[in-house]
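Examination of the molecular architecture
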Amino acid sequence: MTYSFTRRAVLGGASLAIATLGSAPSLAATKIQRLVSPGGIEAWFMQDATVPLIAMECAFGGGATQDPNDKPGVGHMVAGLLDQGAGDLDFKTFHERLDRRAIELSFDSTRDQFRGSLRMLKDNRDEAFDLLRMALTSPRFDAADVERIRAAVLANLRRDSTNPSTLANRKFLEVAFNDHPYARQAGGTVESVPKIDVADLKDYVRRVIAKDTLKIAVVGDVDPESLGKLLDKTFGSLPAKAELTQVADVVAAKPPQRVYVPLDVPQTVVTFGGPGVRRSEPDFMAADVVNQILGGAGLSSRLFREVREKRGLAYSVHETLLWMDHSALFVGNTGTRADRAGETVEEIEKQVRRMAEEGPTQQEVDEAKSYLKGSQMLALDTSSKLAQALLQYQIDKLPIDYIEKHCALVDAVTLEDARKAAQRLWGQGLLTVIVGSSPLAAAQSTTAPSATTPPPAAVQPGAAPSAATPATPN
């Protein structure tokens, strides 16, 4: 839900002390190693000489939650500026070096992490790592560059102010998280971005970019010894410890609630969701299976079948699980004609109630499990995708052999597990945000609520949503 800059940045990792996985059916899994450089920089690494490329992904803890309360968007601005000049290289010279060697470098501030990506040809690895080192340790933040990136951010924020999907997502997070940092706009606002100065940018880098929260994944044509030396040179001079503001765990606001945001657009957008399942919870895999059945990828989900195929209410409708460091959600989206918004919301709520009360069938569970097992391997078909996955596994505190274990974990989900997960996810109803031009049809429910679900409250613009309930920290 944040605007990403064209270039992205990364961190790699390697080691001389190598813990290799044991024998495994997957060739990729058998090559994944835990590498520790001579200087103690740790990374997950897979050596692959199929093509002379190296892909690297990294993350520092923090992200948008570390923005000052009154200045959301600082991390987002930093992400846009780190490759705009560093050390003794101004913007033009820095980018000439990137372009001359076809080095892809970029950064992004998500809600919980400050992330980077780096891709290069094997022969250009020394220069690529050196440019990354400079970007992390000595960004210039020249006035002209700051103003250019600020103008780009503001232009996108103004454009998004009339984008119904963006408005629906923003309002959904506000309703779900109230005054928690997750409710803030990670990319900033038209009010906050003009107030961000160079001192804010430098302070963010000083507090966030440090070795103690650093996670690294590297896939490509480089040997462990060479990579270990590169890691030490690139990250060795970073501060040992970050100075992060503590962020509380939070549970999303309890459904049902409904918010209508008036906007004169041809198509009404609906975002719906509610409290989800944390990645670390035992119920997560069952939730993943049952979510695939209700609104997951592909054309066979219940929502797609009932909302689009049978009734023609929308071109697409989908739902996904979203987990963060301090909370979790399920979130769905669709768009429809303004005069059919009420009918669309009604049908979504009907299918959610049905799944919560009856659960899936055994056939649906079997088909969802088959899809999830197959799609995972298809999602790891390039070095960049594999590096991104290995980084996410580290962030999620999954074992290094998770790729090997994934299919067995999916297979272990029973019909009863799936039914319990469905009741947990959807038994309370939905938080629903409707953005469009037909307030009466959208803001009022046209169906009677189930016996166990109270009628949704219609929240008009400006009304305060229910406060999110703090969860017990793990």
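All figures in this text were calculated on a predicted structure; none of them were measured in a lab. (Residues numbered from 1 in each chain as written. Predicted model: local features only at pLDDT ≥ 70, side-chain atom pairs only at ≥ 80, totals over all residues. Heavy atoms only, no water.)

Further remarks concern the environment of glycine 273. Tracing the chain through its elements places glycine 273 in strand 10 (residues 267–275). Not counting residues up to four positions away in its chain, the partners in contact with glycine 273 are Phe172, Phe330, Val331, Leu430 and Leu431. (Helix = DSSP H or I, 4+ residues; strand = E, 2+ residues; numbered from the N terminus. Contact = heavy atoms within 4.5 Å.)

Right, let's talk about the nonpolar core for a bit. Formed by 56 residues in total, the largest nonpolar core has its most connected members in Ile348, Leu390, Tyr393, Leu425 and Trp426. For leucine 390, the contacting residues outside a window of four places in its chain are Ile32, Trp44, Ala217, Val219 and Ile403. Core analysis: the second largest hydrophobic core is formed by 53 residues, Phe45, Val208, Leu227 and Leu230 among them. (Core = buried A, V, L, I, M, F, W, Y, C linked by side-chain atoms within 4.5 Å. Buried < 20%, exposed > 50% of the residue type's maximum accessible area, 1.4 Å probe, protein only.)

Another aspect to go through is the confidence of the model for the protein chain. Per-residue confidence for the protein chain averages 87 on the pLDDT scale, and 86% of its residues sit at or above 70. Within the model, the stretch residues 1–30 combines pLDDT values under 50 with 124 contacts to residues more than four positions away or in other chains. Note that residues 445–474 has pLDDT below 50 and, in this model, 60 contacts with residues that lie over four places away or in other chains. (pLDDT = per-residue confidence, 0-100.)

Let's shift gears to the packing of helix 2 (residues 74–81) against helix 5 (residues 143–160). Taken N-terminus to C-terminus, the directions of helix 2 and helix 5 make an angle of 120°; their axes are 10 Å apart at the nearest point. By the criterion of interaxial angle, the relationship of helix 2 to helix 5 is oblique. Remark: the crossing between helix 2 and helix 5 carries right-handed chirality. On helix 5, the residues touching His76, Met77, Gly80 and Leu81 of helix 2 are Asp145, Val146, Ile149, Arg150 and Val153. A per-class count over the contact of helix 2 with helix 5 returns five nonpolar, two polar and two charged. (Axes fitted to C-alpha atoms, helices over the stretch in contact; angles between N-to-C directions. Parallel < 35°, antiparallel > 145°, perpendicular 65-115°, else oblique. Left-handed = near helix turned anticlockwise from the far one by under 90°. Nonpolar A, V, L, I, M, F, W, Y, C, P; charged D, E, K, R; others polar.)

For the rest of this paragraph, the subject is the pairing of strand 10. Taking burial as the measure, the nine residues of strand 10 include eight buried ones, the bulk of the element. The pairing of strand 10 with strand 13 (residues 431–436) spans five bridges and is antiparallel. Across the sheet, residue valine 269 finds its bridge partner in strand 13, namely valine 435. (Pairing = 2+ DSSP bridges.)

Before going further, it helps to spend a moment on unusual backbone geometry. In the segment running from proline 255 into proline 256, the intervening peptide bond is cis, with an omega of 0°. On the secondary structure map, proline 256 appears in the loop between strand 8 (250–251) and strand 9 (257–262). Look at alanine 102: it is not a glycine, yet its phi comes out positive at around 55°. Tracing the backbone through its elements, the reader meets alanine 102 in the loop between helix 3 (91–100) and strand 5 (104–109).

This part takes up the packing of aromatic side chains. Under the criterion given, the structure shown has six aromatic pairs. Taking the centre distance of 5.0 Å and the plane angle of 80° together, the rings of phenylalanine 284 and tryptophan 323 count as edge-to-face. Of this pair, phenylalanine 284 sits in helix 9 (residues 284–295) while tryptophan 323 sits in strand 11 (residues 317–323), and the two are 39 residues apart along the sequence. You can call phenylalanine 284 buried: its relative accessible area is 3%. Feature note: the residues Phe107, Phe114 and Tyr204 constitute an aromatic cluster, connected by ring pairs. Cation over ring: arginine 279 sits above tryptophan 323, and NZ or CZ is 5.9 Å from the ring centre. In this arrangement the basic side chain of arginine 308 is found over the ring face of tyrosine 315, its NZ or CZ atom lying 4.7 Å from the centre. (Phe/Tyr/Trp six-rings, centres within 6.5 Å; stacked < 30°, edge-to-face > 60°. Lys NZ or Arg CZ within 6 Å of the ring centre and 35° of its normal.)

Bringing helix 6 (residues 164–177) into the picture now. Helix length check: helix 6 (14 residues) gives 20 Å between terminal C-alpha atoms against 20 Å at 1.5 Å per residue, within 8%. Within helix 6, eleven of the 14 residues are buried, leaving the element largely enclosed by the surrounding structure. The secondary structure elements touched by the buried residues of helix 6 are helix 5, strand 8, strand 9, strand 10, strand 12 (328–337) and strand 13. The opening residue of helix 6 is asparagine 163, an N-cap whose side-chain oxygen sits 2.9 Å from the backbone nitrogen of serine 165. (Expected span 1.5 Å × (residues − 1). Polar contact = N/O pair within 3.5 Å; in protein donor to acceptor, adjacent residues only side chain to side chain.)

Our next topic: the side chain of arginine 111. The topology assignment puts arginine 111 in the loop between strand 5 and strand 6 (113–121). Although arginine 111 is buried, it makes no salt bridge; aspartate 112 carries the closest opposite charge, 7.6 Å away. Look past the residues within four positions of arginine 111 in its chain and what remains in contact with it is Gly62, Gly63, Ala64, Thr65, Leu173, Pro181, Tyr182, Arg184, Ala186 and Met324. (Lys, Arg positive; Asp, Glu negative; His and termini not counted. Salt bridge = Lys/Arg side-chain N within 4 Å of Asp/Glu carboxyl O.)

Applying the stated criterion to the full structure yields 33 salt bridges. With its nearest N and O atoms 2.7 Å apart, the salt bridge here joins aspartate 200 to lysine 71. Note that aspartate 200 is positioned in helix 7 (residues 198–208) and lysine 71 in the loop between strand 4 (53–61) and helix 2, a separation of 129 residues in sequence. Given the relative accessible area of 17%, aspartate 200 is considered buried. According to the relative accessible area criterion, lysine 71 is buried, its value standing at 14%. The shortest N-O distance in the salt bridge between arginine 207 and aspartate 203 comes to 3.0 Å. With arginine 207 and aspartate 203 both in helix 7, this residue pair falls four residues apart, about one helical turn. The buried category is assigned to arginine 207, whose relative accessible area is 11%.

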